[in-house]
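# Report on the structure
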Amino acid sequence: KSYLIFLAAITMAAIILWTNVYADTITPTIIYLKIVAGLAALILIISIMDKRPLFVMACLAMIFANPTIPYIFNQNIVDITRNYFGTLIVEENKIVRTLSHGDTVHGIQALDKSLAIIPLSYYYPKTANGEVLAVIEKNVPHAKIAALGLGGGSVACLFKPDNFIDFYEIDPNVVSIVETKKHFTYLSECKTPYKIIIGDARLNIQKADDNLYDIVFVDVFSGDNIPMHLITKQAANIYLHKTKKDGVVLFHISNRFFNLRRELGYIARDLNTQAFYHLTTQGKIENTSLTYSTTHSVLLTNNEKRIEQLKKLGWKKIETKNDNIKAWTDDFSTPLRAITFGVPQ
């Protein structure tokens, strides 16, 4: 019986190793498979603790399957850098180059030079993010944009050179990767003037003048760990004060484990502003082998013109049915309330 349990534990370790090395893309199914395999392996290994040789071998198998080990065997990786904020990995296949932080994708760019200025992943014009940014670019001449989170820099390719972008980025390694032109060339090829402000986004944007931006784009929530100080009522109030009277605040909230739409609805309610959301599904870019990602976004604004423009694209108002629920603040937040599994509807 102990040997059967040992073999089952080894099988779970093999599944985890496969998800880290051979799985082509990180999907919710892969994530759930890894979680289930990990929990099963833990239970199985604990049950053979009294069988010292089998227990030690099973533990070694799990160590080998740990996500930090398979990077050694991944031939697609072209750069790895690590600092206080974690490990950044640049990898490429025959079609695209990807910047990731663990399982979280921060940027994707086509390797084909003729397609390299097309914003991919969550930023293609047909995504929820792309729709809002395109509306601003089309209707606001000489727009001033604040982007909290640099990623691969593809936002620059959604605006013409007569606009200006302030990127707020906390990780200097991201800046190095994106600005060197070695791995990502969105910033250099799309020619939109920009400035990168390194440090905590909330602290730095708070120093900006009020009524400065036509849009504040908050794109820091796609990772597994939510920076809570960037999604409180006080934080949203800062973003709203930094936008012009007819400006908008856009939150990109695509996430595997948290649905932040309702929380932003409560925050908007308390700040007397309207909140709208759109969930766009994954699609293929015509005449290419490229795709764009399923994207979930929320917009805060009282600009009726923008609201009508986005309603035509499928944006819907967030209605808060229970006014007794307290919005997240700097003194109160409960991430457990936002936990979800699967794609929100």
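Everything that follows concerns the structure shown earlier in this document.
First things first, this report covers the structure right here in the doc. None of the values given here were measured: they were computed from a predicted structure.

## So, the overall build of the chain
When helices and strands are counted, the chain shows 10 helices and 14 strands. On C-alpha atoms alone, the chain measures out to a radius of gyration of 22 Å, which is about the 20 Å that the 2.2 N^0.38 rule sets for 345 residues. Its C-alpha atoms give the chain principal-axis dimensions of roughly 70 × 55 × 35 Å. Taking all 345 residues of the chain together, the buried fraction comes to 51%. Within the chain, residue pairs in contact and separated by at least 24 positions form 66% of the contacts whose partners lie at least 6 positions apart. Total accessible area on the chain is roughly 17,200 Å²; 57% of this is exposed by carbon and sulfur atoms. Computed over 36 positive and 31 negative side-chain charges, the separation of the two mean positions in the chain equals 3 Å.

## Brief notes about the environment of Leu7
Inspection of the secondary structure assignment puts Leu7 in helix H1 (residues 2-21). Leu7 sits in the partly exposed class, given a relative accessible area of 48%. C-alpha separation for the pair Leu7 and Thr192, spaced 185 residues apart in sequence, amounts to 56 Å.

## Looking at the sheet that holds strand E1 (residues 77-83)
As summarised here, the arrangement of the four strands in space is E1-E2-E3-E4, forming an open sheet in which the pairing is antiparallel. Unpaired on one side and paired on the other, E1 and strand E4 (104-110) mark the two borders of the sheet. When the angles between neighbouring strand axes are averaged without regard to direction, this sheet yields 15°. Each of E1, strand E2 (86-92) and strand E3 (96-101) touches helix H5 (residues 172-179); the most contacted strand, E1, lies at about 150° to it.

## Describing the packing of aromatic side chains
Any aromatic ring pair is given by two values, namely how distant the centres are and how the planes are angled relative to each other. Throughout the structure, instances matching the rule amount to six aromatic pairs. Taken together, the ring pairs in this structure connect Tyr122, Tyr123 and Phe217 into an aromatic cluster. Just above the ring of Tyr277 sits the side chain of Arg261; from NZ or CZ to the centre is 4.0 Å.

## Topic: the pattern of salt bridges
Summed over the entire model, instances satisfying the criterion amount to eight salt bridges. In this structure, Glu92 and Arg97 form a salt bridge, with 2.8 Å as the shortest nitrogen-oxygen distance. Glu92 sits in the partly exposed class, given a relative accessible area of 25%. A relative accessible area of 17% places Arg97 in the buried class. Close ionic contact of Lys144 with Asp166 constitutes a salt bridge, the shortest N to O distance being 3.6 Å. Note that Lys144 is positioned in strand E5 (residues 144-148) and Asp166 in strand E6 (residues 164-169), a separation of 22 residues in sequence. Residues joined in a network through salt bridges with shared partners are Lys233, Arg269 and Asp270.

## A word on helix H9 (residues 261-270)
For H9, a buried count of seven out of 10 residues is recorded, marking the element as mostly surrounded by other parts of the structure. Looking at H9, one finds that the buried residues are Arg261, Glu263, Leu264, Gly265, Tyr266, Ile267 and Ala268. Tucked into the core, H9 has its buried residues touching helix H8 (233-242), strand E9 (243-252), strand E10 (274-280) and strand E13 (295-301). Asn272, located one to two residues past H9, shows a positive phi value of around 55°.

## Comments concerning the pairing of strand E8 (residues 213-218)
Among the six residues in E8, six count as buried, and that is most of the element. Where E5 meets E8, four bridges bridge the pair, whose relative direction is parallel. Counted as the bridge partner of Ala147 is Phe217 from E8.

Rules used throughout
Residues numbered from 1 in each chain as written. Predicted model: local features only at pLDDT ≥ 70, side-chain atom pairs only at ≥ 80, totals over all residues. Heavy atoms only, no water. Helix = DSSP H or I, 4+ residues; strand = E, 2+ residues; numbered from the N terminus. Rg over C-alpha atoms; globule rule 2.2 N^0.38 Å. Buried < 20%, exposed > 50% of the residue type's maximum accessible area, 1.4 Å probe, protein only. Contact = heavy atoms within 4.5 Å. Areas by Shrake-Rupley, 256 points an atom, 1.4 Å probe, with all protein chains shown as cover. Lys, Arg positive; Asp, Glu negative; His and termini not counted. Charge placed at Lys NZ, Arg CZ, Asp CG, Glu CD. Pairing = 2+ DSSP bridges. Axes fitted to C-alpha atoms, helices over the stretch in contact; angles between N-to-C directions. Phe/Tyr/Trp six-rings, centres within 6.5 Å; stacked < 30°, edge-to-face > 60°. Lys NZ or Arg CZ within 6 Å of the ring centre and 35° of its normal. Salt bridge = Lys/Arg side-chain N within 4 Å of Asp/Glu carboxyl O.

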